[in-house]
Amino acid sequence: MTAPLRIGLIGAGAIGAWHARILAERRDAVLASVCDVDAGRAEAIAALHGARSFTDAEAFFAAGGLDGVIIASPEHVHAEHAQLAAKAGLPMLIEKPVAPDLAGIAAIRAAAEAAGVAVMAGHVERFEIGSAQLKSAVAAGLCGRVVTIAARRQFVAADTPRFKGLSTTLRILGVHDFDLVSWVHPAPVVEIYAAAGRGRVHEATGLDDHVVTTLRFADGAVGLIESGWTLPSPYGVTPEGWSPAGNNRLDVFGSTGMVSNDMSLRGQQLIAFDEAAGFRAAGIRHQPILHGRVVGALAEEVGAFLAMIAEGTKPLVDLDDAARAVRLTVAAEASLASGLPVRLGD
């Protein structure tokens, strides 16, 4: 057997902790080192999995001994960390959004191409069975010519304070669906318009409570994307070991039929009621735990990244995919700022 790949993790926050656990549970990889500006957080995850701990990114990469790196740090430092990874000759998986703007994507691309290292974008929806099968059905013509594609992604507001001053609702939630919609229906987007509903989330964090974005494709199809922190609080209070659930769905309406992936309140597989919190639901998506191990889309994403390194294959989600999602996110945020539609491709 070949030696397990030694993978480093930079960014030990919520999603980084899941990556760390997934790596630790695999046989073909080990979590070798962890870096985070919060020393306590980095040390805790490193100690849990027998890895080295760092707080300085340059020292993390200079220490060597890695075969690849997962970048799960805040998006505004992704380009900086990716350039350090490229300089160290390391293939990388970068969490979404890969960068907050197209300049960041271009900087990552230039560094990776100069170093000859592969970059995979962490768009986890592409590894969900429902998303992938919906795409296949649409591509096979099951609903005919696409007329409308509608995506919804709603969560509770409990997680929003940690994003205050660091990100936006569209970069956190919307980018998932900008990528997903473009993947399912790859026609160019020629116009985008976004409007926000602003309430208590915006007052507390600066994040929009609910953003509705409309897209017009070059082939005449239209898209609708909802991104919101609009679920009531008890919905996100889950028993220990359960993953938080959202109210998500994707519908494609065509000239001869429809295809739908329902991940909404009505479609949750695991729910609970109790006297104190009332209704609670678990998400059986992205990183569910089965018999003590993380399975699901995030584990599949990490597996695809490791296969890319071990087999020298192309990334399943590349920088072109990342740039398309970021381009739409930037245009939607420009529309939010101006209150006007934004033309693309002129």
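Before reading on, note that the structure itself is shown above.
Residues numbered from 1 in each chain as written. Predicted model: local features only at pLDDT ≥ 70, side-chain atom pairs only at ≥ 80, totals over all residues. Heavy atoms only, no water.

Okay, the overall build of the protein chain next. Across its full length, the protein chain holds 10 helices and 17 strands. In summary, the protein chain has a C-alpha radius of gyration of 20 Å against a globular reference of 20 Å for 346 residues, a match within 12%. Each principal axis of the C-alpha atoms in the protein chain carries an extent, and together these give about 55 × 55 × 40 Å. Looking at the protein chain residue by residue over its 346 residues, the buried ones come to 52%. Counting contacts in the protein chain only where the partners sit at least 6 residues apart, residues at least 24 apart contribute 68% of the total. (Helix = DSSP H or I, 4+ residues; strand = E, 2+ residues; numbered from the N terminus. Rg over C-alpha atoms; globule rule 2.2 N^0.38 Å. Buried < 20%, exposed > 50% of the residue type's maximum accessible area, 1.4 Å probe, protein only. Contact = heavy atoms within 4.5 Å.)

Moving on: the sheet that holds strand β5 (residues 92–95). Taken in spatial order, the 6 strands make up an open sheet running β3-β2-β1-β4-β5-β6, and their pairing is parallel. The strands lining the two open edges of the sheet, one partner per strand, are β3 (52–54) and β6 (119–122). Direction aside, the axes of adjacent strands within the sheet are offset by 25° on average. In this sheet, strand β2 (residues 29–35) lies alongside strand β1 (residues 5–10) in parallel orientation, the contact comprising 6 bridges. Of the residues in β2, the one forming a bridge with L5 is A29. Of the strands in this sheet, β2 and β3 touch helix α2 (residues 39–49), which is tilted by about 160° from β2. (Pairing = 2+ DSSP bridges. Axes fitted to C-alpha atoms, helices over the stretch in contact; angles between N-to-C directions.)

Moving on, we get to α2. Residues of α2 that are buried include every one of A42, I45 and A46, and no others. Buried residues of α2 fall within an arc of 100° about the axis and therefore sit on the same side. Opposite its buried face, α2 presents the exposed residues A47 and L48, each directed more than 90 degrees away. Buried-residue contacts for α2 involve α1 (14–25), β2 and β3. (Arc of directions from axis to C-beta.)

Moving on, we come to the environment of D101. In this structure, D101 sits in the loop between β5 and α5 (102–115). Relative accessible area serves as the criterion here: at 35%, D101 is assigned to the partly exposed category. Once the C-alpha coordinates of D101 and A272 are considered, the two residues, 171 residues apart in sequence, prove to be 40 Å apart. Once residues lying within four places of it in the same chain are set aside, the contact partners of D101 are V326 and V330. A distance of 3.4 Å separates a polar atom in the side chain of D101 from the backbone nitrogen of A103. (Polar contact = N/O pair within 3.5 Å; in protein donor to acceptor, adjacent residues only side chain to side chain.)

This part covers the pattern of salt bridges. Within this structure, the stated rule accounts for 17 salt bridges. With its nearest N and O atoms 2.9 Å apart, the salt bridge here joins D251 to R249. R249 gets classed as buried once you look at its relative accessible area, which sits at 19%. Between R324 and D321 there is a salt bridge; the shortest N-O distance is 3.4 Å. Here R324 and its partner D321 are both found in helix α10 (residues 319–338), 3 residues apart, which amounts to about one turn of the helix. Judged by relative accessible area, D321 falls into the buried class, the value being 13%. Where salt bridges share partners, they join R126, D179, D321 and R324 into one cluster. (Salt bridge = Lys/Arg side-chain N within 4 Å of Asp/Glu carboxyl O.)

Taken in spatial order, the 7 strands make up an open sheet running β12-β11-β7-β10-β9-β8-β17, and their pairing is mixed. Edge positions in the sheet fall to β12 (258–263) and β17 (342–343), since each has one partner strand and no second. Summarising the sheet, strand β7 (residues 146–154) and strand β10 (residues 222–228) pair through 7 bridges and their orientation is parallel. Considered in β10, the bridge of A151 is made with I225. Each of β7, β11 (247–254) and β12 touches helix α6 (residues 129–139); the most contacted strand, β12, lies at about 175° to it. The strands touched by α10 are β8 (189–197), β9 (210–217) and β17; relative to β8, the strand with the most contacts, the crossing angle is about 55°.

Here strand β4 (residues 68–71) shows no split at all, with G68 and I70 on one side and V69 and I71 on the other all buried. Assessed by its sense of winding, the connection that carries the chain from β4 through helix α4 (residues 78–87) to β5 is right-handed. (Right-handed = clockwise from strand over helix to strand, strands pointing away.)

In the structure shown here, the tally under the stated rule is 3 aromatic pairs. Geometrically, the ring pair formed by F54 and F60 is edge-to-face, given 5.9 Å between the ring centres and 80° between the ring planes. The same class applies to F54 as to F60, namely buried. (Phe/Tyr/Trp six-rings, centres within 6.5 Å; stacked < 30°, edge-to-face > 60°.)

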